[in-house]
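Observations on the three-dimensional arrangement
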Amino acid sequence: MCETGKIKVAFSALLQKGGAYGPFDKDTTLAYNKVHTNTGDAYNSCTGIFTAPVAGVYYFTFFYHAGGHHASELHLFKNCEMIVRSSDHKTGSDNADNGGNAAVLQLQQGDQVYVRMLAQKHVWAADNSTSFSGFLLS
Amino acid sequence: MCETGKIKVAFSALLQKGGAYGPFDKDTTLAYNKVHTNTGDAYNSCTGIFTAPVAGVYYFTFFYHAGGHHASELHLFKNCEMIVRSSDHKTGSDNADNGGNAAVLQLQQGDQVYVRMLAQKHVWAADNSTSFSGFLLS
Amino acid sequence: MCETGKIKVAFSALLQKGGAYGPFDKDTTLAYNKVHTNTGDAYNSCTGIFTAPVAGVYYFTFFYHAGGHHASELHLFKNCEMIVRSSDHKTGSDNADNGGNAAVLQLQQGDQVYVRMLAQKHVWAADNSTSFSGFLLS
């Protein structure tokens, strides 16, 4: 007998806000708004929050680009727990920063995963540079 | 009854051209030429182009290293559409740049995915530093 | 008839050593010690070594953050072969480096995959910044 009810869950989205995004006064969940893929509809591009439709082991990764005028710092959360982060210092005006990170997470149905940018930090939100992706491992 | 005809598609390759690669006068598809894995033979190391052998949801990621003497800029394409990119400015001679990005893509059979380096940009094509990988999500 | 005996193998771990880690006199396997996920128990957080429990195609990725006071250089190995690496030069004291890489690898049962930091290099081993993840593609 086969495993039944196999569903596919996979998404990929970009933060496209017209250029530099931030700094803001408080931590901000990034609502990656240009969606390439959202199989299973588990990623909400209005809120930036992925909600696990089924329990399972998932993979998540994010990448960002940032100008050097401000520092950058992004945190990947599972519910209220910070799982991995990527950051860079303020650098001279000629420079730019790239970063990213990834995690494999065991999620229960309804667990939420999202990326937050810390207060006083920024990212480059244009040119398909800053992305968030994830999928269910079968 | 089980899903049948499941195939495995997964590849990983490096750009090994003996050192700095570029800048060139025009945009160049990167033919990652040292292949670690090419299950399903969907990646062509002569052209640098991955061609989907079956419709499905795929994951792709690329990473690069570059010296700071020139700017770097790589774009991941699906057919004629730029999906994600990673770039960095020219920096001082003491510095180096790292970058990368990833995407989950719904592909039809025959869709092509590849990485292009823009004109006047460069990457470091040695030392197993600059890679392109992808696989079919089952 | 279905494929039977499907097992799930997936892990994700962080290097948390209280701050800057290295430089050391010799190459050092990074024992990523804070484990988020270790489905199938194939990753050993004491040694930093992933040992394939079954033959198959696997995906691995690592990301790191490093201060600019020393150079950074991490190599992903399959047994004795260096597969991919990521590195950055020493930069000024105001700067920081990010890097990472990924590979899809065909492994036989018992093959080992791990990340080594080269002698005289360092990484930032705190704040959930430096990670190593992998999983079996089904």
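Residues numbered from 1 in each chain as written. Chains lettered and ligands numbered in written order. Predicted model: local features only at pLDDT ≥ 70, side-chain atom pairs only at ≥ 80, totals over all residues. Heavy atoms only, no water.

Looking at an unreviewed UniProt entry, one finds chain A named Complement C1q-like protein 4, with Sparus aurata as its source organism.

**Brief notes about the overall build of chain A**
Scanning chain A from terminus to terminus reveals zero helices and 13 strands. Going residue by residue from the N terminus, the α and β elements of chain A occur as β-β-β-β-β-β-β-β-β-β-β-β-β. Whereas a compact globule of 138 residues would reach a radius of gyration of roughly 14 Å, chain A reaches 15 Å, a difference of no more than 12%. The principal-axis extent of the C-alpha atoms belonging to chain A is close to 60 × 25 × 20 Å. Burial status across chain A gives 59% buried among its 138 residues. Taking as baseline every contact in chain A between residues at least 6 positions apart, the subset at least 24 positions apart corresponds to 71%. On chain A, roughly 5200 Å² of surface is accessible, and the fraction owed to carbon and sulfur atoms is 48%. The centroid of the 10 positive side-chain charges in chain A is displaced by 4 Å from the centroid of its 11 negative side-chain charges. (Helix = DSSP H or I, 4+ residues; strand = E, 2+ residues; numbered from the N terminus. Rg over C-alpha atoms; globule rule 2.2 N^0.38 Å. Buried < 20%, exposed > 50% of the residue type's maximum accessible area, 1.4 Å probe, protein only. Contact = heavy atoms within 4.5 Å. Areas by Shrake-Rupley, 256 points an atom, 1.4 Å probe, with all protein chains shown as cover. Lys, Arg positive; Asp, Glu negative; His and termini not counted. Charge placed at Lys NZ, Arg CZ, Asp CG, Glu CD.)

**A look at the interface of chain B and chain C**
Every contact between the two is made by 26 residues of chain B and, on the other side, 31 residues of chain C. Carbon and sulfur atoms make up 52% of the area that chain B and chain C hide from each other, which totals about 2100 Å². In this structure, the connection of chain B to chain C is made through one salt bridge. Summed over the shared surface of chain B and chain C, the number is 13 residue pairs in polar contact (both at pLDDT 80 or more). Secondary structure elements with two or more residues in the side of chain B that touches chain C: β1 (10-14), β4 (34-39), β7 (56-67), β10 (96-107) and β13 (131-136) of chain B. For the side of chain B that touches chain C, a count of residues per class yields eight nonpolar, 14 polar and four charged. (Buried area = accessible area lost by both parts, 1.4 Å probe. Salt bridge = Lys/Arg side-chain N within 4 Å of Asp/Glu carboxyl O. Polar contact = N/O pair within 3.5 Å; in protein donor to acceptor, adjacent residues only side chain to side chain. Nonpolar A, V, L, I, M, F, W, Y, C, P; charged D, E, K, R; others polar.)

**A short note on the relation of the copies chain A and chain C**
Between the two copies of the chain lies a relationship made up of a rotation around an axis and a movement along it. Screw-axis analysis of chain A against chain C gives a translation of 0.0 Å along the axis, an RMSD of 0.0 Å, and a rotation angle of 120°. A rotation of that kind, with that shift, is consistent with a three-fold axis. (Least-squares fit on C-alpha atoms with pLDDT ≥ 70 in both.)

**Regarding the pattern of salt bridges**
All names here are of chain A. By the definition in use, this model includes nine salt bridges over all chains. Salt-bridge contacts for Arg85 lead to Glu73; the nearest nitrogen and oxygen are separated by 2.3 Å. With Arg85 in strand β9 (residues 81-88) and Glu73 in strand β8 (residues 72-78), the pair connects residues that are 12 residues apart, well separated along the chain. Glu73 carries the same exposure label as Arg85, and that label is buried.

**Details of the sheet that holds strand β4 (residues 34-39) of chain C**
All names here are of chain C. Taken in spatial order, the five strands line up as β4-β1-β13-β7-β10 in an open sheet, and their pairing is antiparallel. Edge positions in the open sheet fall to β4 and β10 (96-107), since each of these has one partner strand only. Ignoring strand direction, the axes of neighbouring strands in this sheet form an average angle of 5°. Across five bridges, strand β1 (residues 10-14) lies against β4 in antiparallel orientation. The residue bridging Phe11 from the neighbouring strand is Asn38, located in β4. (Pairing = 2+ DSSP bridges. Axes fitted to C-alpha atoms, helices over the stretch in contact; angles between N-to-C directions.)

**Some points on the environment of C:Lys121**
Residue and element names in this part refer to chain C. Position of Lys121 among the secondary structure elements: in the loop between β11 (112-117) and β12 (123-125). Considering only alpha carbons, one finds Lys121 and Gly22, 99 residues apart in sequence, at a separation of 6.3 Å. When neighbours within four sequence positions are excluded, Lys121 is seen to be in contact with Tyr21, Gly22, Pro23, Phe24, Ala71, Ser72 and Glu73.

**Side note on the interface of chain A and chain C**
Contacts between the two partners involve 31 residues from chain A, matched on the other side by 26 residues from chain C. Summed over the shared surface of chain A and chain C, the number is one salt bridge. With a closest N to O distance of 2.8 Å, A:Arg85 and C:Asp127 form a salt bridge. At the junction of chain A with chain C, the criterion picks out 13 residue pairs in polar contact (both at pLDDT 80 or more). Of the residues forming the side of chain A that touches chain C, the biggest block, nine residues, is contributed by strand β10 (residues 96-107) of chain A.

**Considering the side chain of B:Ser87**
Note that B:Ser87 resides in strand β9 (residues 81-88). For B:Ser87, a relative accessible area of 10% puts it in the buried group. Ignoring sequence-local partners within four residues, the contact set of B:Ser87 consists of A:His65, A:Asn98, B:Tyr64, B:Ser72 and B:Glu73.

**Focus: the pairing of β8(A)**
For a regular strand, side-chain orientation follows a simple rule: the groups alternate between the two sheet faces. Residues and elements named next belong to chain A. Burial analysis of β8 places seven of its seven residues in the buried class, which makes it a mostly covered element. Neither face of β8 is left uncovered, since the one carrying Ser72, Leu74, Leu76 and Lys78 and the one carrying Glu73, His75 and Phe77 both have all their residues buried. Of the strand pairs in this sheet, β8 and β9 are connected by seven bridges, and their pairing is antiparallel. Across the sheet, Phe77 pairs through a bridge with Met82, a residue of β9. Here β8 folds back onto β9, and the loop between the two strands holds two residues, one of which, Asn79, carries a positive phi near 50°. In this sheet, strand β11 (residues 112-117) lies alongside β8 in antiparallel orientation, the contact comprising five bridges. The partner of Lys78 across the bridge, within β11, is Val113.

**Examining unusual backbone geometry**
The general pattern is negative phi for most residues beyond glycine and trans for most peptide bonds. All names here are of chain B. The step from Gly22 to Pro23 runs through a cis peptide bond, and the omega angle for that step is 5°. Along the polypeptide, Pro23 turns up in the loop between β2 (19-21) and β3 (28-29). Backbone geometry at Asn79 places phi at a positive 50°, although glycine is not the residue there. The residue Asn79 is located in the loop between β8 (72-78) and β9 in this model.

**Let's talk about the sheet that holds β7(B)**
All names here are of chain B. Judged by pairing direction, the sheet is antiparallel, and its five strands sit side by side in the order β4-β1-β13-β7-β10 without closing on themselves. Of all strands in the sheet, those bounded by a partner on one side alone are β4 and β10. Going across the sheet, the axis of each strand differs from the next one's by a mean of 5°, ignoring polarity. Relative to β13, β7 runs antiparallel, the two sharing six bridges. Along β13, the bridge assignment pairs Phe63 with Ser131.

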